[in-house]
Amino acid sequence: MTTPASSSPSSASTPATRTVDLPGGLSLTIEEFGENTEGTGVLVLHGGGGPRTVTGISAALSEHVYVVKPIHPGFDGTPRPERFDTVADLAIAYLDLLDTLDLKDVMVIGNSIGGWIAAEMALRDNHGRIGALTLLNAVGIHAHMVENRVVDPRGMAPADISQLSFAKAEFRPDFASFTDEQRAAGAANQQTLAVYGGEHFTYDPKLRARLHRVTVPVLVVWGEEDGIAPLKYGRGYADSFPNGHFAPISDAAHFPQIEQLGATLGAIADFVSTVVKPGAAG
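Residues numbered from 1 in each chain as written. Predicted model: local features only at pLDDT ≥ 70, side-chain atom pairs only at ≥ 80, totals over all residues. Heavy atoms only, no water.

Student: Hey, could you run me through the overall build of the protein chain in this one?
Tutor: Scanning the protein chain for helices and strands turns up eight helices and nine strands. Taken against the 2.2 N^0.38 rule, which gives 19 Å for 282 residues, the C-alpha radius of gyration of the protein chain at 18 Å falls within 12% of a compact globule. Principal-axis analysis of the C-alpha atoms places the extent of the protein chain at approximately 45 × 45 × 35 Å. Put simply, the protein chain has 282 residues, and 48% of those count as buried. In the protein chain, the proportion of contacts linking residues at least 24 apart, taken out of those at least 6 apart, comes to 73%. As displayed, the protein chain offers around 12600 Å² of accessible surface, 52% of which is attributable to carbon and sulfur atoms. Separation of charge centres in the protein chain, based on 20 positive and 32 negative side chains, amounts to 6 Å. (Helix = DSSP H or I, 4+ residues; strand = E, 2+ residues; numbered from the N terminus. Rg over C-alpha atoms; globule rule 2.2 N^0.38 Å. Buried < 20%, exposed > 50% of the residue type's maximum accessible area, 1.4 Å probe, protein only. Contact = heavy atoms within 4.5 Å. Areas by Shrake-Rupley, 256 points an atom, 1.4 Å probe, with all protein chains shown as cover. Lys, Arg positive; Asp, Glu negative; His and termini not counted. Charge placed at Lys NZ, Arg CZ, Asp CG, Glu CD.)

Student: So what exactly am I meant to see when it comes to the pairing of strand β5 (residues 67–70) here?
Tutor: Burial along β5 is two-sided: V67 and K69 and V68 and P70, pointing in opposite directions, are all buried. One ladder, built from four bridges, connects strand β3 (residues 27–33) with β5; its direction is antiparallel. Counted as the bridge partner of E32 is V68 from β5. Looking at chain direction, strand β4 (residues 42–45) and β5 are connected through two bridges and run parallel. Paired with L43 across the two strands is V68, which belongs to β5. (Pairing = 2+ DSSP bridges.)

Student: Help me understand the layout of surface pockets, please; the structure alone is not making it clear to me.
Tutor: Rolled over the atoms, a probe as big as a water molecule pinpoints where empty space is left. Taken as a whole, the largest pocket spans an internal volume of roughly 1400 Å³. Looking at the largest pocket, it is lined by 42 residues, and the ones nearest its centre are G48, G49, F175, G186 and Q190. Counting residues per element, the lining of the largest pocket draws most heavily on helix α5 (residues 180–197), at 10 residues. Residues that form the lining of the largest pocket fall into these classes: 22 nonpolar, 14 polar and six charged. (1 Å grid on protein atoms, 1.4 Å probe; cavity = no way out; pocket = protein on both sides within 12 Å on 5 of 7 lines; lining within 4 Å. Points joined across faces, edges and corners; volume = space filled by probe spheres on them. Nonpolar A, V, L, I, M, F, W, Y, C, P; charged D, E, K, R; others polar.)

Student: Help me understand the environment of D85 in this model?
Tutor: Among the secondary structure elements, D85 is positioned in the loop between β5 and α2 (87–101). The exposure class assigned to D85 is partly exposed, which follows from its relative accessible area of 32%. Sequence separation between D85 and G74 is 11 residues; the distance between their C-alpha atoms is 9.9 Å. In contact with D85, not counting residues within four places along its chain, are R80, V195 and Y196.

Student: Is there a simple way to explain the nonpolar core in this structure?
Tutor: Nonpolar side chains tend to gather and get buried jointly when the protein is soluble and globular. Within the largest apolar cluster, 55 residues are counted, with the highest numbers of intra-cluster contacts made by L43, L97, M121, L133 and Y237. Here this core takes nine residues from α2, the largest share from any one element. Counting 20 residues, the second largest nonpolar core, distinct from the first, contains V42, A132, L136 and A267. (Core = buried A, V, L, I, M, F, W, Y, C linked by side-chain atoms within 4.5 Å.)

Student: For this particular structure, what's the right way to read empty space enclosed by the protein?
Tutor: In the structure shown here, the tally under the stated rule is one cavity of 30 Å³ or more. What the largest cavity holds in volume is close to 30 Å³. Lining the largest cavity are S27, L28, T29, I71, P73, T78 and P79. Across the lining of the largest cavity, the residue classes break down as four nonpolar, three polar and no charged.

Student: Teacher, can you tell me more about unusual backbone geometry here?
Tutor: Across residues other than glycine, the phi torsion is negative in most instances, and most of the peptide bonds are trans. Even without being glycine, D76 reaches a positive phi, approximately 50°. Here D76 shows up in the loop between β5 and α2.

Student: Hey, could you run me through the confidence of the model for the protein chain in this one?
Tutor: Low pLDDT marks regions whose predicted coordinates should not be analysed in detail. Per-chain confidence: the protein chain averages 94 in pLDDT, with 94% of residues scoring 70 or above. Below pLDDT 50 for its whole length, residues 1–10 participates in 24 contacts with residues either more than four positions away or in separate chains. (pLDDT = per-residue confidence, 0-100.)

Student: Which parts of the structure should I look at to understand the environment of Q163?
Tutor: Tracing the chain through its elements places Q163 in helix α4 (residues 158–165). Overall, the relative accessible area of 48% leaves Q163 in the partly exposed class. Along the chain, Q163 and V216 lie 53 residues apart, while their C-alpha atoms are 34 Å from each other.

Student: Even after reading the chapter, I still don't get the pairing of β3, so can you show me in this structure?
Tutor: Residues in a regular strand project their side chains so that they alternate between the two faces of the sheet. A large share of β3 lies buried, amounting to six of its seven residues. Inspection of the sheet shows strand β2 (residues 16–21) paired to β3 by six bridges, in the antiparallel sense. When the sheet's bridge partners are listed, D21 is paired in β3 with S27. Between β2 and β3, which pair antiparallel and follow one another directly, the connecting turn spans five residues, one of which, G24, has a positive phi of 90°.

Have a look at this one:
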């Protein structure tokens, strides 16, 4: 069922990489932080910035729980079957992954399009694998008001996207220093993202109206200075869930888990202790 891609044992901070064969013939590359000893864990889904944008939060969370970080097929040189081309396909694949790993009461954490995938997973979770969602500056819904809509970055220069995505200059990539190989890899990732995003790229026009069916607790964490997805968009996202909660993060933009990891982890910890598992021992 699985094929090792790395023989290194996994520790809390050093992931082990392997390929998991899912129903339907999809081979999925995952990184595992820690070990599955309790039959539960956290699934962390990256956005268009690629898997590295959620490595830090995955490692930090693994100090407390087993963490699985998939690489969306087509990102970082992984294969993507031609028929595998929508966010819904990713959502179903990751539900199949939870079944294959036999994980229950899972928190799914997703950044940007990863949050969109998480929401779609919750709508399709007929095996009851998901216990909670955490959306980090997620995209996926369509804002009613024009000024609150997500910026469509297609056609924008990478430096301009970076300017909107990070509140602090020190976190913005220095594209001038990239090698040709790094530039090609980044371009390939963006081409894959465009496939999954489809016609509207940053949203499904029907998603917001479906989110009332998501019954698990949902935390929406938002970098307040996001130039891609505005703060009011994030509040609207949280309000779309029956059990939605909102946590703004100051001095952060589209990647709060990078610019403000401590504050992001703190918001998740508060959410778990007060909403997901109130009264549980810390």
